[in-house]
Structures are given as structure tokens and as C-alpha cells.
Amino acid sequence: MNERLEKAFNDQINAEFYSEYFYLSMLAYFDRMNLQGFKNWMNVQVQEEHAHAIGMFNYVQERGAKVELQSIEKPKTDWSSPREVFEDVLKHEKLVTSKINALLDVAEEEKDRAAVSFLDWYLKEQVEEEANVGKVLKTLNLICDDKHCLYMLDKELAGRTFNPPVIG
Ligand code: FEO
């Protein structure tokens, strides 16, 4: 891959590691709130982001390009409610989707068809990610306005499990 695409991939690796960090910060918040189901949901999210970052890391290496890790920005550490957390998650996933689209644009402009095909998986994954987050946010927005509902939702979110993705 050429230098322009290599840089764009490295930026996205950073964005995926930042996502892991951001969700880890949310996990700590849910732990402080003693919402163990929400914490579990976020833990799955953390693992998924790690898999996304490593999947891209391995791909860059496999292509014989250079992985250049960058600093990871300090994430937000406090939220006023679980709803605010999930609003941030959805906002963040939409940002990631736009970043993946921009990376795909670079791969297409550089006529790197192998990279375009690799990134297709990430684009599909974003559709799923936004849908998953949207589902929880919808419940929080439309149904959950008392502690009992939050407790029930917490029980439901405790059931989410991590299935290591097969990337590419
Ligand atoms: Fe790796 Fe949630 O995007």
C-alpha cells in the first residue's frame, strides 16, 4: 500500500484503540454506579474495539506496510446518567462510521482494491454497531424513566456475550 493509505490506516488504528479506551472509561462509570449488566455490555464493546484495532494492525503488517502507533487521547470520565453514556456511544459510532468511509475513499482513490475489500467488513460492522447501540438508547429514551426499568434493562444487558469476530 502507498504512504497515503498507510497513514490513513494508522489513523484508523488509533481511532479503534481510542474507542476501546473510551468504552473502558464508560465501563468504569457503570462499575461505580454498580450497574453490572451495563458494565458487561460495555465490556463486550471494549473487546470488540480491541479486535477491530488488532484486525487492522495485522492487516497493515500483512501488507508489508508500517504500523506506527500514536498517542491515545484521554477519554471523558464522567456522565450524568446511563442515557447520556449511550447518547455518547451512538455519537461516537457515527463518527467512526464516517472515518471508515473516509478511509475507504482513500483506498478507492489510490485504487487499492485489496484494501477496499478488506474495509468492507468494517463498514458492515458499523451498521451492526449503530443498530445495537440504537436499540439500547431507544429503550432508555422511550421506556426507562424509573429505577425499576433501569434495573430490568441492567439484567437484560448482562446477557450480552463477546463472539470474537472473523475480520476481513
Ligand atoms: Fe470499531 Fe465501534 O467501531
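One structure accompanies this document, and this report is about it. Counting starts from 1 at the beginning of each chain's written sequence and moves along it residue by residue. Where totals are concerned, whole chains, interfaces and linings use all residues; where local detail is concerned, this predicted model gives features only for residues with pLDDT of at least 70, and gives and counts side-chain atom pairs only at 80 or more. Hydrogens are left out, water is left out, and the side-chain values use all remaining heavy atoms of the structure.

### Considerations on the nonpolar core
For soluble globular proteins, nonpolar side chains are generally found buried alongside one another.
1) Next: As used in this record, nonpolar core signifies buried Ala, Val, Leu, Ile, Met, Phe, Trp, Tyr and Cys residues forming a set joined through side-chain atoms within 4.5 Å. Each residue is assigned to one of three classes by its accessible area relative to the maximum for its type, calculated with a 1.4 Å probe on protein chains only: buried under 20%, partly exposed between the two thresholds, exposed over 50%. Formed by 25 residues in total, the largest nonpolar core has its most connected members in Met-26, Phe-30, Phe-38, Met-42, Val-85 and Phe-86.
2) Next: Helix and strand assignments come from DSSP, with helices taken as H or I runs of at least 4 residues and strands as E runs of at least 2, each series counted from the N terminus. Among the secondary structure elements, those contributing two or more residues to this core are α1 (3-32), α2 (36-62), α3 (82-109), α4 (113-142) and α5 (147-157).
3) Next: Here this core takes 7 residues from α1, the largest share from any one element.
4) Next: Discounting residues that sit within four places of it in the chain, Phe-38 has contacts with Phe-30, Pro-82, Phe-86, Leu-140, Leu-150, Leu-153, Asp-154 and Leu-157.
5) Next: Core analysis: the second largest hydrophobic core is formed by 23 residues, Ala-8, Ile-13, Val-116 and Leu-119 among them. In this description, contact between two residues means that some pair of their heavy atoms is separated by no more than 4.5 Å.

### Some thoughts on the environment of Ala-28
1) Next: In this structure, Ala-28 sits in helix α1.
2) Next: With relative accessibility at 31%, the residue Ala-28 sits in the partly exposed group.
3) Next: Taking the C-alpha atoms as reference points, Ala-28 and Thr-77, separated by 49 residues in sequence, lie 8.3 Å from one another.

### Concerning the side chain of Asp-112
1) Next: Inspection of the secondary structure puts Asp-112 in the loop between α3 and α4.
2) Next: According to the relative accessible area criterion, Asp-112 is buried, its value standing at 11%.
3) Next: Side chain to side chain, Asp-112 and Arg-63 meet in a polar contact 2.8 Å long. Here a polar contact is recorded for every N or O atom pair within 3.5 Å, except that within protein the pair must consist of a potential hydrogen donor and a potential acceptor, and residues adjacent in sequence are included only if both atoms are side-chain atoms.

### A short note on a nonpolar patch on the surface
1) Next: Like-charged residues are merged into a patch within 9 Å and nonpolar side chains (Val, Leu, Ile, Met, Phe, Trp, Tyr) within 5 Å, provided each residue has over 30% relative accessible area and no salt bridge. Accessible surface area values rest on a Shrake-Rupley calculation with a 1.4 Å probe, where residue burial reflects the displayed protein chains alone. Criterion for a salt bridge: a side-chain nitrogen of Lys or Arg within 4 Å of a carboxyl oxygen of Asp or Glu. On the surface, a cluster of nonpolar side chains totalling about 260 Å² of accessible area is made up of Tyr-21, Leu-24 and Ile-72.
2) Next: Assignment of secondary structure puts Tyr-21 in helix α1.
3) Next: The class of Tyr-21 is partly exposed, set by a relative accessible area of 40%.

By themselves, these are just geometric observations and shouldn't be taken as functional.
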